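# Descriptive structure summary
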Amino acid sequence: LAISYLWAALVLPADAYVGVAKAIGIVGKASTLLALYALFVLYKATHDLLHKHETTAKFVSIKLFLVIALVQEPLIALGFGHGGNHDGEHGGPTRCLTGHNLAHFWSMWALAIETTAMAALLKRAFPAHELMADNLDPSEPSGANIELQLLHHFESSSSQRDLDD
């Protein structure tokens, strides 16, 4: 989508570009929502099987950040009232950042602050001891074995549904 956005900015006239940029923005938001939905479905389908790996904290730590990023800029734009190009009422100077650019600036500034909180949340959700080779239990599945367990789980689930029908 970023390439399409850049292409439109370089090739299209300004009035056509505005419409294309809005359409690309809508497609981007819809894509993010679809990805979140797919991840929720995957989480729900594998929650019981991967419960011992504490997937809830991992899932929430990443998805929370995505949801905030999805709604943050529109909320900031709403808070600034889309800030038009305000000439000072008494003939003062105009602002250099207005409208979408102002909302985008503050959204990126807030994102920089939020990454600190996200880093702390991710550190807690993905503790280093889980990655240490010394802590691996040989009887516990890892890597390809987890994939095989998931495949077996879904095959047995679908076989059970076929029998129920």
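Residue positions within a chain follow its written sequence, with the count starting from 1. Totals for whole chains, interfaces and linings use all residues, but because this is a predicted model, local features are given only for residues with pLDDT of at least 70 and pairs of side-chain atoms are given and counted only at 80 or more. No hydrogens and no water enter the side-chain calculation; it runs on all heavy atoms of the structure.

Right, let's get into the packing of aromatic side chains. The criterion for an aromatic pair is that two Phe, Tyr or Trp rings (for Trp, the six-membered ring) have centres within 6.5 Å, with stacked assigned to planes under 30 degrees apart, edge-to-face to planes over 60 apart and tilted to the rest. Per the stated rule, a full pass over the model turns up 5 aromatic pairs. Here F105 and W106 contribute two aromatic rings whose centre-to-centre distance is 5.1 Å and whose plane-to-plane angle is 75°, an arrangement assigned as edge-to-face. Take W106: its relative accessible area is 33%, and that puts it in the partly exposed class. A connected cluster of aromatic rings, assembled from ring pairs, spans F40, Y43 and F59. Buried residues are those whose accessible area, probed at 1.4 Å on protein chains only, stays under 20% of the maximum for their type, while exposed residues exceed 50% and partly exposed ones sit between those limits.

This part covers a nonpolar patch on the surface. The residues that make up patches have over 30% relative accessible area and no salt bridge, and they are joined within 9 Å when like-charged or within 5 Å when they are Val, Leu, Ile, Met, Phe, Trp or Tyr. Per-residue and other accessible areas follow the Shrake-Rupley method at a 1.4 Å probe size, with only the shown protein chains counted as cover for residues. The term salt bridge refers to a side-chain nitrogen of Lys or Arg lying within 4 Å of a carboxyl oxygen of Asp or Glu. A grouping of F80, F105, W106, W109 and I113 is seen on the molecular surface, where their side chains present a nonpolar patch of about 520 Å² in accessible area. Runs of E in the DSSP output that reach at least two residues are strands. Runs of H or I that reach at least four are helices, and both are numbered from the N terminus. You can see I113 is positioned in helix α4 (residues 99-125).

Within the secondary structure layout, K29 lies in helix α2 (residues 14-46). On the basis of relative accessible area, K29 is assigned to the partly exposed category, the value being 35%. Spatially, the C-alpha atom of K29 lies 9.3 Å from that of V71, the residues being 42 residues apart in sequence.

Multiplying 1.5 Å by the helix residue count minus one yields the expected span of that helix. Its 27 residues place the ends of α4 37 Å apart at the C-alpha level, agreeing with the 39 Å of an ideal helix rising 1.5 Å per residue. I113 marks where α4 bends most, by close to 25°. Listed as buried for α4 are G99, L102, A103, S107, A110, M118 and A125. Two axes enter the definition of the bend at a residue: one is fitted to the seven residues ending there, the other to the seven starting there, and the bend is the angle between them.

Before going further, it helps to examine the packing of helix α3 (residues 55-79) against α4. Geometry is summarised by axes, namely lines fitted to C-alpha atoms with helices restricted to the contacting stretch, and by angles between N-to-C directions that run from 0 to 180 degrees. The interhelical angle for the contact between α3 and α4, taken along N-to-C directions, is 165°, at an axis separation of 9 Å. On the basis of the axis angle, α3 is roughly antiparallel to α4. Judged by the sense of rotation from one axis to the other, the crossing of α3 with α4 is right-handed. Oblique is the label for every angle not falling under 35 degrees (roughly parallel), over 145 degrees (roughly antiparallel), or within 65 to 115 degrees (roughly perpendicular). Throughout, a crossing is termed right-handed when the near helix is turned clockwise from the far one, and left-handed when it is turned anticlockwise from it by less than a right angle.

Functional significance is not addressed by these values, which are geometric in nature.
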